[in-house]
Amino acid sequence: MSRALALLVGLAGLAGVSGRAAPAPTIAQSAPGRFEIAALNAKDAESVAAQAEECWQWLTLPLELPERFSTPVFVRLVPAAEWGDAAPFRVIVEPGGVVSVRLNWSAQMPESFLRRALVQSLLIRLAVAQHGVSEKLAAPLWLELGCVEWWRTHAAPAQLDALKFISARLAPPPLGEILRWARGEPEPAALVAGAAWLLAWLQAESGRADEWTAMLRQLLAGEQGDRVLAANFPGRFASDAERELWWQTGWHHLRRARALPALEAAESREALAGLARFTFAAGEQDVVTPLATVLAHTREPIVDEERRRRASELARLLPVLHPFYRNAGLSLAEVFAARPPTAPAQAVLVAAFERDWAEARELEVATRAALDALEKP
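Residues numbered from 1 in each chain as written. Predicted model: local features only at pLDDT ≥ 70, side-chain atom pairs only at ≥ 80, totals over all residues. Heavy atoms only, no water.

Within strand β2 (residues 35-39), 5 of the 5 residues are buried, which leaves the element mostly enclosed by the surrounding structure. What you see with β2 is no split at all: Phe 35, Ile 37 and Ala 39 on one side and Glu 36 and Ala 38 on the other are buried throughout. Both strand β1 (residues 26-31) and β2 contribute to a ladder of 5 bridges, which runs antiparallel. Note that in β2 the partner of Ile 27 across the bridge is Ala 38. From the end of β1 to the start of β2, which pair antiparallel, there are 3 residues, and Gly 33 there has a positive phi angle of about 80°. Sheet topology places β2 next to strand β3 (residues 73-79); 4 bridges connect them, and they run parallel. Paired with Ile 37 across the strands is Val 75, a residue of β3. Regarding the hand of the β-α-β motif, the stretch spanning β2, helix α2 (residues 42-63) and β3 is left-handed. (Buried < 20%, exposed > 50% of the residue type's maximum accessible area, 1.4 Å probe, protein only. Helix = DSSP H or I, 4+ residues; strand = E, 2+ residues; numbered from the N terminus. Pairing = 2+ DSSP bridges. Right-handed = clockwise from strand over helix to strand, strands pointing away.)

Attention now moves to the packing of aromatic side chains. Applying the stated criterion across every chain, the model contains 8 aromatic pairs. The interplanar angle of 55° and the centroid separation of 6.0 Å between the aromatic rings of Trp 201 and Trp 246 together place this pair among those described as tilted. With Trp 201 in helix α7 (residues 189-205) and Trp 246 in helix α10 (residues 240-256), the pair connects residues that are 45 residues apart, well separated along the chain. Judged by relative accessible area, which is 9%, Trp 246 ranks as buried. Taken together, the ring pairs in this structure connect Trp 201, Phe 233, Phe 237 and Trp 246 into an aromatic cluster. One residue, Arg 115, lies across the ring of Trp 151, its end atom 4.5 Å from the ring centre. Here Arg 310 stacks its cationic end above the ring of Phe 278, 3.8 Å away from the centre of that ring. (Phe/Tyr/Trp six-rings, centres within 6.5 Å; stacked < 30°, edge-to-face > 60°. Lys NZ or Arg CZ within 6 Å of the ring centre and 35° of its normal.)

All right, on to the pattern of salt bridges then. This structure, assessed with the given rule, holds 25 salt bridges. Between Arg 277 and Glu 53 there is a salt bridge, with the nearest N and O atoms lying 3.4 Å from each other. On the criterion of sequence distance, the pair formed by Arg 277 in the loop between α11 (265-276) and β6 (278-282) and Glu 53 in helix α2 is long-range, its members being 224 residues apart. Judged by its relative accessible area of 23%, Arg 277 falls in the partly exposed class. Look at Glu 53 and you get buried, because its relative accessible area is 11%. (Salt bridge = Lys/Arg side-chain N within 4 Å of Asp/Glu carboxyl O.)

Our focus in this paragraph is the environment of Val 228. With respect to the helices, strands and loops of the structure, Val 228 is situated in helix α9 (residues 225-232). When its relative accessible area of 0% is taken as the criterion, Val 228 is described as buried. The spacing of Val 228 and Met 215 is 13 residues in sequence and 5.9 Å in space, taken between C-alpha atoms.

Printed below as a string of structure tokens:
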């Protein structure tokens, strides 16, 4: 029995035990090899799938995610009436390396719980991909909350301003408290803000030696945060006092940065690529559908609803897109906003987006090559 089918059978069994009439179980997928959601309600499954894809898009850069995993993270939305666990969600690693997450699901479930469940399961899936199944695998609490804050502040730039405002009234928490923060302990605002700034600071300090990449890999393997920080960021500090000064410098530098919230080129590329890519089921396989084909079917209710959702998400992204990708974002917005009656008009819109997209990629590649050449001895 396939994993997806097993999830459906399990949900159907819950519906039968409860004795209540329930919608037919359904499966929704964010993208192949990423997240797969099983739920009794198709609308709930599609809603969580959209959140899961947004999670993947925003965390691709800090977590250096692959295009896809060999098996996705299986998300199971369990009706609240059938939930018997004290925790709002539970991430499970099975012996074969399959990662799943069960959520106590209801329409009133706080978005913060959903985001944490998706982030924690994604971190564990990345750990399995890098290290295989092991009892030592870990998703440190500070890293989980840092990723949630990264997602939240990048998806809604006004939240970055709010984080800066809150941080101005707080003292930087000791770095050791953040790195040794254990699950089940209180989660004060200072430590949550510290997790957010620490994640950003470690990436800002990472250079050609890919210090952050190595540190992330070791953290997911269950190694102690203090030790891997010292091992992977040599030369930044020589004592505990110097380490705290280095960390406090990063905290104040990031919170005082006056630049308007904006995405890096790679982040903009990932976000636009996700919005422009449509995947539909064709039999037992998922097929990427050309943008022109999607436009030709926008009068179909399901396609039109998805077009409207993506248009709304893109409108939120446009102000923060990297300059290289601004024209491509505007062209894609025209694709989503219009419903041209003729195939030639559709072709013009799609061609404009593809041209702007190609130019943006060319600019990004050329700029990176020039910077790499300047950094060479």
